[in-house]
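Chains, contacts and geometry: an overview
Here are the chains, one letter per residue:
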Amino acid sequence: MRYSGLRVVVEALTGHKGWKPLWRNPEPQSSYDFVIVGGGGHGLATAYYLAKTFREKRIAVLEKGWLGSGNIGRNTTIIRSNYLLPGNEPFYEFSMKLWEGLEQEFNFNAMVSQRGILNLFHSDAQRDAFRRRGNAMLLAGADAKLLDRDAVRRMYPFLNFGNARFPIKGGLLQPRAGTARHDGVAWGYARGADALGVDILQNCEVTGFKIEAGKVTGVETTRGPIAAKKVGVSVAGSSSRVMEKAGMRLPIESHVIQAFVSEGLKLTIDGVLTFGAGHFYISQSDKGGLVFGGDLDGYNTYAQRGNLPVVEDVAESGMAIMPVIGRARVLRNWGGIMDMTMDGSPIIDRTHIDSLYFNGGWCYGGFKATPASGYAFAHLLATDAPHPTANAYRLDRFARGYLIDEKGAGAQPNLH
Ligand SMILES: Cc1cc2nc3c(=O)[nH]c(=O)nc-3n(C[C@H](O)[C@H](O)[C@H](O)COP(=O)(O)OP(=O)(O)OC[C@H]3O[C@@H](n4cnc5c(N)ncnc54)[C@H](O)[C@@H]3O)c2cc1C
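What comes next is a walk through the structure.

Cut-offs applied
- Counting starts from 1 at the beginning of each chain's written sequence and moves along it residue by residue.
- Predicted model: local features are reported for residues with pLDDT of at least 70 only, side-chain atom pairs are reported and counted for 80 or more only, and whole-chain, interface and lining totals are derived from all residues.
- What counts as a helix is a DSSP run of H or I of at least four residues, what counts as a strand is a run of E of at least two, and both are numbered from the N terminus.
- A radius of gyration in this sense is built from C-alpha atoms; the matching globule rule multiplies 2.2 Å by the number of residues raised to 0.38.
- Two residues qualify as being in contact provided that their C-beta atoms, derived from the backbone, are within 7 Å of each other.
- Here is the check we use: build the C-beta atom from the backbone, and if it is within 6 Å of the molecule or strand, call the residue near.
- In this classification, the charged set is Asp, Glu, Lys and Arg, the nonpolar set is Ala, Val, Leu, Ile, Met, Phe, Trp, Tyr, Cys and Pro, and all remaining amino acids, among them Gly, are polar.
- Helices are assigned an expected span. That span is 1.5 Å times one less than the residue count.
- Here the bend at a residue is taken as the angle between two axes, fitted respectively to the seven residues that end there and the seven that start there.
- Here an angle of 0 to 180 degrees is reported between the N-to-C directions of two axes, which are lines fitted to C-alpha atoms, with helices fitted over the stretch in contact.
- Here the word oblique covers every angle except those under 35 degrees (roughly parallel), over 145 (roughly antiparallel) and from 65 to 115 (roughly perpendicular).
- In a left-handed crossing the near helix is turned counterclockwise from the far helix by less than a right angle, and in a right-handed crossing that turn is clockwise.
- If DSSP finds at least two bridges between two strands, the strands pair.
- Each residue is classed by its C-beta neighbour count within 10 Å, where at least 20 other C-beta atoms makes it buried, 12 or fewer makes it exposed, and intermediate counts make it partly exposed; the C-beta atoms are placed from backbone geometry.

Along its length, the protein carries 10 helices and 18 strands. Relative to its length of 416 residues, the protein is compact, with a C-alpha radius of gyration of 21 Å against a globular reference of 22 Å. In the protein, 75% of the contacts between residues at least 6 apart in sequence involve partners at least 24 apart.

Looking now at the site of the ligand. Near the ligand, the surroundings consist of 40 residues, among which Gly38, Gly40, Gly70, Gly336 and Gly366 are the closest. When residues of the shell around the ligand are traced back to their parent elements, those giving at least two are helix H2 (41-52), strand S12 (252-264) and strand S16 (330-341). Looking at the shell around the ligand residue by residue, the classes come out as 14 nonpolar, 21 polar and five charged.

Right, let's talk about helix H3 (residues 89-106) for a bit. The first and last C-alpha atoms of H3 sit 25 Å apart over 18 residues, in line with the 26 Å expected at 1.5 Å per residue. Where H3 bends most, at glutamate 100, the angle is about 45°. Immediately downstream of H3, the backbone of asparagine 107 shows phi near 55°, a positive value.

Below, the discussion takes up the packing of H2 against helix H6 (residues 182-195). Here H2 crosses H6 at 30°, and the two axes come no closer than 9 Å. In terms of orientation, H2 lies roughly parallel with respect to H6. Crossing hand, H2 versus H6: left-handed. Along the contact surface, H2 presents Gly41, Leu44, Ala45, Ala47, Tyr48 and Ala51, while H6 presents Val185, Ala186, Tyr189, Ala190, Gly192 and Ala193. Considered class by class, the residues forming the contact of H2 with H6 number 10 nonpolar, two polar and no charged.

Moving on: the sheet that holds strand S6 (residues 170-174). Taken together, eight strands build an open sheet; the order of strands is S5-S6-S4-S13-S14-S15-S12-S16 and the sheet is mixed. Among the strands making up the open sheet, the edge pair consists of strand S5 (145-148) and S16. The mean inter-strand angle of the sheet, taken between neighbouring strand axes irrespective of direction, is 25°. Taken together, the six bridges between S12 and strand S15 (residues 289-300) define a ladder with antiparallel strand orientation. Residue pairing for S15: glycine 264 is matched across the bridge by glycine 289. Along the sheet, helix H8 (residues 308-321) makes contact with strand S4 (117-121), S12, strand S14 (281-284) and S15, crossing S15 at roughly 135°.

The topology assignment puts threonine 77 in the loop between strand S2 (59-62) and strand S3 (78-79). Residues threonine 77 and asparagine 300, spaced 223 residues apart in sequence, show a C-alpha to C-alpha distance of 23 Å. Residues in contact with threonine 77, not counting those within four places in the same chain, are Thr179, Ala180, Arg181, His182, Val291 and Phe367.

Structural remark: α-helix, 3.6 residues per turn; residues separated by three or four positions point the same way. Its 12 residues give H2 an end-to-end C-alpha distance of 16 Å, which sits within 8% of 16 Å, the value for a rise of 1.5 Å per residue. By the criterion of burial, H2 is predominantly enclosed, with 11 of the 12 residues buried. Every buried residue of H2 is listed here: Gly41, His42, Gly43, Leu44, Ala45, Thr46, Ala47, Tyr48, Tyr49, Leu50 and Ala51. Buried residues along H2 sit in contact with strand S1 (31-37), S2, H6, strand S11 (226-233), strand S18 (356-360) and helix H9 (370-383).

Next up on the list: the pairing of S6. Residues in a regular strand project their side chains so that they alternate between the two faces of the sheet. Among the five residues of S6, five are classified as buried, and the element is accordingly described as predominantly covered. Of the two faces of S6, the one lined by Gly170, Leu172 and Gln174 and the one lined by Gly171 and Leu173 are each fully buried. Bridge analysis of S4 against S6 gives five bridges, and the strand direction is antiparallel. Counterpart to phenylalanine 121 in the pairing with S6 is glycine 170. With four bridges joining them, S5 and S6 adopt antiparallel strand pairing. Residue pairing in the sheet places aspartate 148 in a bridge with glycine 170 of S6.

Summarising the element assignment, leucine 267 is placed in the loop between S12 and strand S13 (272-274). The sequence separation of leucine 267 and tyrosine 3 amounts to 264 residues, and the corresponding C-alpha distance is 29 Å.

Between H3 and H9, the shortest axis-to-axis distance is 7 Å and the interhelical angle comes to 105°. Taken together, the axis directions place H3 and H9 in an arrangement best described as roughly perpendicular. Two secondary-structure elements touch here, H3 through Phe91, Phe94, Ser95, Leu98, Trp99 and Leu102 and H9 through Pro371, Ala372 and Tyr375. Residue classes in the contact of H3 with H9 are distributed as eight nonpolar, one polar and no charged.

The quantities given are spatial measurements derived from coordinates; they are silent on function.
See below:
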């Protein structure tokens, strides 16, 4: 079923009886050419591009819960490509370009809204670093503008320009950045993949891998064994636990990060805003809630909930730049488990086990990467060669010393 304005009118006039489920609910087959483990944004996008762009068939996505139960439905919805390093920037800009045509491509309203992101800076040294980042973005074909204090004040007059502990000196703006409806992205890719014949198997947890003579030949699941020619694992915060079942130990730690939503307010912030002297980012949803977050909780866990010290830290950071936020009431908050690599950058690579591929290490930045990650992982699975924008995301870079240390924060997950 194609969605269109005409279809909405027809359904409205005929009692909304013609809408179909977004995807089928098939029984697992005994074997597939490609099994993708993990039905988050990245797994679903991988299946979609495998079928659509690489014309592969007999594909299944295995999801242990329901679609959207993981980080794809828990993030703060920010999409951007304001990276510095050559290993990262072309990949994220590729992702940004895919976002720009995504809804037309899979015919689903994922509410992609290019409302811009503004990263505030608070010192001369930080301005120089942001100028360098902006130039790197421009060289990679992205967009960037350096704003002075007055230009920031015109955009967001309610920020603390008076007596701030960290005075605002300006900001780096990426006008093409913005937000997208997070679970809508999962549903759009799922619907698109299903229409191309991909079997989406929910409540199907992978409990083990069948490995014979160094080659993966299938997976064990809670719905029975499934044979596969190739297996791609894309399970975000569960990466270490799942790859352990194949005997692999990853350079990844799992951490919790929280998100917060306020009561609905009149339009306050029409873009995305980040604090430069602490970890705080905020935007406003179409329903009016302020959507914001900050640092990791700082301890390893697989529980999808956080603790109060970070709630306090996030509230303090918010108050430091926009004291008006003190008047808003928080409606709800939640946590998600993220897969943090030791340099903060992701992995899209083969493993030492033949026909077993791994995609992970996205930490709290993988939502914006969903289209490019799916495309690049599909490219790797279909052709056995890395996509040109994902060349640097190798698993062995930690052994070889070729880290992609985007923030210059060093090899400590709590600093990224
Ligand atoms: C609070 C929060 C805020 C964030 N904000 C942003 C942001 O603003 N911008 C941004 O770019 N990124 C953000 N992120 C990060 C982003 O959400 C993740 O990096 C990204 O969603 C991870 O990829 P995914 O969608 O495939 O993960 P998930 O949706 O977590 O998908 C992984 C799936 O694997 C499944 N799974 C696990 N184990 C198994 C198994 N054994 N068998 C089968 N299935 C299994 C899980 O159930 C899950 O559905 C945020 C994350 C959080 C938690």
